[in-house]
Amino acid sequence: MRRRKNLIIFSLVLIMVLSTLQLVGCSSEKDADTKPDTTDQAKVPDQTDDTKPDEDTQSELEPYELHVVLSGNDQKDKPLVEEKMNELLKEKLNASIKLTFINASNWLQQTNLMIAGDEKIDLLWTSSFYGYSSVVARGQVIPIDDLLEKHGQDIVSVLGDDVLDACKIENKLYAVPSTRDMAADFGVIMRKDILEKHGIDISNVKTMEDLTPVLQAIKEKEPDIIPTGGHPGSSNTMVGLIAKGTFDILDDWFGVIRIKDDDMKVVNLYETPEYEEWLNIVRDWYVKGYISKDAATSTEGAFDQIRADRLCSVFYSFKPGIERQEEIRTGKPMVKISMTDPVATTSTVTVMMTSIAKTSRDTERAMMLLNLWFKDPNLVNLFDNGVEGVHYEKVSDNIIKYPDNVDAQSSGWISNNYTIGNNFLSYVWEGYDPDLWQKTDEFNKSAIKSPAYGFSFNSEPVKTQVAAVTNVMLEYIS
């Protein structure tokens with residue numbers, strides 16, 4: 001009863017906020033009806049290292065430690081990877097690097113405290129999952145247009161103006177996305193071995209409702225494994241992900257439009273019949289034990305649970321090669337079930353970005369590092385894949401695999417593909433399609449584009465209301 005009361009209050013607050021919003025007035029000074037051509041987005045450059053530093057510029061740079069704060073779990077071999085990155089960065093930028101990983105459940109609280117305490121952060125991972133517009137409204141990151149023009153030529157060349165424009169708020173750029181899938185379809189990714197072991201058929205699963213008998217069979221046949229889950233502590237939940245295949249969340253969920261509805265009417269997601277239906281299904285799953293009883297409070301990552309044989313599936317966003325990616329992460333064979341069409345929205349671009357924090361002590365060096373992350377295959381592969389001979393070995397020029405006696409569970413550095421920089425410079429793991437990056441680009445171009453693609457909400461005029469609603473959303477989102 002208390003939950004229902006709070007949801008009612010939440011909806012009333014949202015209605016008040018929505019009444020203040022006008023898409024035209026809050027956009028990044030561009031017509032949301034204009035659908036940018038993404039033909040050139042996320043170009044795939046040649047993997048050659050022509051990143052020799054400008055000797056005159058290099059000689060003028062004082063030594064500096066760059067602090068990079070990213071979403072994820074800390075890794076055992078981080079000191080080794082930092083050491084190898086430092087060797088490269090000493091030559092390129094006369095700099096060293098400190099990597100800090102913060103898991104999803106602690107991200108907002110910890111990064112807010114770090115910035116409020118004026119802790120030095122140079123590059124900060126940002127995302128529409130965690131209120132990009134709110135981060136901008138609070139002044140936690142700085143506009144980077146001038147820095148991009150001065151030190152970010154490779155970023156501009158790789159991403160293109162259309163993608164960068166989609167990240168702007170009030171015609172100012174505060175973050176750049178990593179090169180990766182710029183569209184997504186949504187559904188659930190499951191352990192293939194469990195399905196095959198018990199002869200569970202998923203060929204006719206198209207919706208959340210269709211998934212119910214599959215989860216029931218897993219519960220009955222594997223009582224020690226939770227059938228499904230979401231990602232705790234974020235909007236990357238079961239209902240949240242399916243909602244993103246139907247609605248454009250307009251950066252922050254506070255007012256959405258239906259992707260296949262050209263009139264762009266902004267509605268309260270939590271009052272829509274679709275959302276009510278999805279909630280009822282998830283509630284039924286919870287009561288029947290198809291979802292962990294501590295799903296709302298657990299801080300353990302879903303893929304960590306799959307890796308530890310405690311979870312069978314997780315709701316997820318998809319792209320080419322997703323099954324192999326998660327097989328590498330979990331050490332388990334995986335299969336996906338898509339429940340939506342591929343869609344492209346501003347938030348599919350802004351889901352993984354990098355900003356320069358206001359607490360950076362050297363913003364120019366921070367931009368130099370970010371630009372290098374779009375240009376230098378050595379830097380990209382160190383961060384994405386670890387140290388050659390320790391965490392991977394080459395099969396061919398562009399294909400890698402685990403060394404003997406190393407696998408996803410024992411490796412001290414798990415792949416960080418897609419997090420930051422130009423991932424199209426990253427090696428392809430054995431078992432993936434060798435043409436993965438080209439097919440990712442084709443996937444981006446094939447997606448249904450939201451009529452509001454490129455719109456970014458400026459939350460500054462209602463930042464107090466947004467903060468209040470954010471707190472309620474994080475408490476009750478399902």
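Residues numbered from 1 in each chain as written. Predicted model: local features only at pLDDT ≥ 70, side-chain atom pairs only at ≥ 80, totals over all residues. Heavy atoms only, no water.

### So, the overall build of the chain
Within the chain, the secondary structure is distributed over 20 helices and 17 strands. By the burial criterion, 58% of the 478 residues in the chain qualify as buried. A separation of at least 24 residues holds for 80% of the contacts in the chain among residues at least 6 apart in sequence. With an accessible surface of roughly 20100 Å², the chain has 47% of that area assigned to carbon and sulfur atoms. (Helix = DSSP H or I, 4+ residues; strand = E, 2+ residues; numbered from the N terminus. Buried < 20%, exposed > 50% of the residue type's maximum accessible area, 1.4 Å probe, protein only. Contact = heavy atoms within 4.5 Å. Areas by Shrake-Rupley, 256 points an atom, 1.4 Å probe, with all protein chains shown as cover.)

### Describing the sheet that holds strand β14 (residues 393–394)
The three strands lie next to each other as β14-β15-β16, forming an open sheet whose pairing is mixed. Each edge of the open sheet is held by one strand with a lone partner, namely β14 and β16 (428–429). Sheet analysis places strand β15 (residues 399–401) next to β16, joined by two bridges and oriented parallel. Note on β16: the bridge partner recorded for I400 is W429. (Pairing = 2+ DSSP bridges.)

### Notes on the side chain of S355
Relative to the assigned elements, S355 resides in strand β13 (residues 353–356). With relative accessibility at 1%, the residue S355 sits in the buried group. Here T126 takes part through its side chain, which lies 3.0 Å from a polar atom of the side chain of S355. Dropping the residues within four chain positions of it, S355 is found in contact with D122, L123, L124, T126, V141, Y174 and A175. (Polar contact = N/O pair within 3.5 Å; in protein donor to acceptor, adjacent residues only side chain to side chain.)

### Observations concerning the packing of aromatic side chains
Aromatic ring pairs are defined here through the distance separating the ring centres and the angle between the ring planes. Evaluation of the coordinates by the stated rule reveals 15 aromatic pairs. On the numbers, 6.4 Å between centres and 10° between planes, the contact of F101 with F383 is stacked. Residue F101 is located in strand β2 (residues 95–102), and its partner F383 is located in helix α18 (residues 377–385); the two are separated by 282 residues in the primary sequence. Grouping residues by exposure puts F101 and F383 together as buried. Aromatic pair W107 and Y130: ring centres 6.4 Å apart, planes at 50°, arrangement tilted. Residue W107 is located in helix α5 (residues 107–116), and its partner Y130 is located in the loop between β3 (123–126) and α6 (132–137); the two are separated by 23 residues in the primary sequence. Assessed through its relative accessible area of 4%, W107 is described here as buried. (Phe/Tyr/Trp six-rings, centres within 6.5 Å; stacked < 30°, edge-to-face > 60°.)

### A few points about the pattern of salt bridges
Going through the model one piece at a time under the given rule, you end up with 21 salt bridges. We note a salt bridge from E327 to R324, for which the minimum N-O separation is 3.7 Å. Residue E327 and its partner R324 are both found in helix α15 (residues 322–330); the two are separated by three residues, about one turn of the helix. The residue D433 makes a salt bridge to K439 at a minimum N-O spacing of 2.4 Å. Accessibility expressed as a relative area gives 29% for D433, which makes it partly exposed. When its relative accessible area of 39% is taken as the criterion, K439 is described as partly exposed. (Salt bridge = Lys/Arg side-chain N within 4 Å of Asp/Glu carboxyl O.)

### Quick word on the nonpolar core
Membership of the largest hydrophobic core comes to 73 residues, with the highest contact counts inside it found for M85, L99, L123, V176, L369, W373 and F383. It is helix α17 (residues 363–372) that provides the largest number of residues to this core, a total of six residues. Those residues in contact with F383, other than ones at most four positions away along the chain, are L70, M85, L99, F101, W373, W413, N416, T419 and I420. In terms of nonpolar packing, the next biggest core, distinct from the first, is built from 53 residues, L215, I242, I291 and M473 among them. (Core = buried A, V, L, I, M, F, W, Y, C linked by side-chain atoms within 4.5 Å.)

### Considerations on α18
Each turn of an α-helix holds 3.6 residues, which means side chains three or four residues apart point in the same direction. Within α18, eight of the nine residues are buried, which leaves the element mostly enclosed by the surrounding structure. When α18 is considered as a whole, its buried residues turn out to be P377, L379, V380, N381, L382, F383, D384 and N385. Buried residues belonging to α18 abut β1 (64–71), α4 (78–93), β2, α17, β15 and β16. For α18, the N-terminal capping position is held by D376, with its side-chain oxygen 2.8 Å away from the main-chain nitrogen of N378.

### Some remarks on the sheet that holds β1
Strand order across the open sheet formed by five strands is β2-β1-β3-β13-β6, with mixed pairing between neighbours. Since the sheet does not close on itself, it has two edges, and those belong to β2 and β6 (176–177), each with one partner. Note: β6 against β13, two bridges, orientation antiparallel. Paired with P177 across the two strands is M353, which belongs to β13.

### Quick word on the pairing of β13
Side chains M353 and S355 project from β13 onto one buried face, and the interleaved T354 and I356 project onto a second face that is buried too. Note that β3 and β13 share four bridges and pair antiparallel. Bridge pairing links L124 to S355 in β13.

### Re unusual backbone geometry
Despite not being glycine, N171 has its phi angle at roughly 65°, a positive value. Looking at N171, the relative accessible area reads 38%, which means it is partly exposed. Phi at M264 takes a positive value of approximately 55°, unusual for a residue other than glycine. In this structure, M264 sits in the loop between β9 (257–258) and α13 (273–287).

### What to know about the confidence of the model for the chain
Overall, the predicted model of the chain reaches an average pLDDT of 85, with 85% of residues at or above 70. Model confidence for the chain, summarised as mean pLDDT per element, is weakest for helix α2 (residues 23–26) at 37 and strongest for α17 at 98. Within the model, the stretch residues 1–56 combines pLDDT values under 50 with 117 contacts to residues more than four positions away or in other chains. (pLDDT = per-residue confidence, 0-100.)

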